[in-house]
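# Report on the structure
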Amino acid sequence: MPRSCKIVVIPESDAMPAPVRLFAPDRVEIVDLDSWFSHAPPEGGHAQWKDGYSAKEQAKAWSRPGGPTVPDELWLAITKLAPGEVDEVYGRPEHHTKLDNYGRDRQHDMFACARWHSATVLVVGIEAKACESFDGIVADRAASGAPSKKRARCNLLARALFGREVIDEETGDILDERLSRHGYQLWTAAVGTIIEAQQRGLTKRHSLCSSSSLPMSMSSSLPGTRGTGHPHWRPTT
């Protein structure tokens, strides 16, 4: 497990999950597995939409016979961070967040807004995994020199999360061995979630980035609970 994750032990709760509405990237409402796959399929299409693969297992975790429901473990985490302050949850599978001009957007397996009286009080970014890895570790990007921007993006993420760089952009030398062993997608997930929080006027204290091993067994990483010196993410060209 990457050392950047802070494990949160969530006590059991009798509180029922708040009502949920799920919306696909095309803004169509998702009500079951069929509409999920039709409007928010994984990038690999049918090849990734299989039992035991994260895309379908996550969809199953959110789907119930009566309609979408927040997975129990996630709901417990939400109520721990915002006790008594959530009366509805809006979720967006395959939601994109622009990180910078260096490469692809952050694509959340699920991005959700926990709301109270129609105002967002907490945002959640989920990186769901079943039989997949976290797209390698940060150190894997060190071998990609110019014109690739992979080293620059890693440093941008590292400065935002930890206040220091991880790779020498000229030579590819590793500057922080411990950070370089972190899962790369956990960094993009954390920063993407913080960006979404800031766009809604929330602080990093109101963002929850979760990696999940499906079925939904949550390891909850709370970006920003340790000082970074970078209170706001600043995309760089």
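Residues numbered from 1 in each chain as written. Predicted model: local features only at pLDDT ≥ 70, side-chain atom pairs only at ≥ 80, totals over all residues. Heavy atoms only, no water.

### Examining the side chain of D100
Structurally, the position occupied by D100 is in the loop between β3 (88-97) and β4 (106-116). The exposure class of D100 is buried, given its relative accessible area of 1%. Only 2.8 Å separates the side chain of D100 from the backbone nitrogen of Y102, close enough to count as a polar contact. Within polar-contact distance, the side chain of D100 engages the side chain of R153 at 2.7 Å. (Helix = DSSP H or I, 4+ residues; strand = E, 2+ residues; numbered from the N terminus. Buried < 20%, exposed > 50% of the residue type's maximum accessible area, 1.4 Å probe, protein only. Polar contact = N/O pair within 3.5 Å; in protein donor to acceptor, adjacent residues only side chain to side chain.)

### As for the pairing of strand β1 (residues 20-23)
Summarising the sheet, β1 and β3 pair through three bridges and their orientation is parallel. Each residue of the ladder has a partner; that of R21, found in β3, is Y90. With two bridges connecting them, β1 and strand β2 (residues 29-30) associate as antiparallel partners. If you follow L22 over to β2, its bridge partner there is I30. With antiparallel pairing between neighbouring strands as the criterion, β1 and β2 make up a hairpin whose turn holds five residues, including R27 at a positive phi of roughly 75 degrees. (Pairing = 2+ DSSP bridges.)

Function cannot be read off these values alone, since they describe shape.
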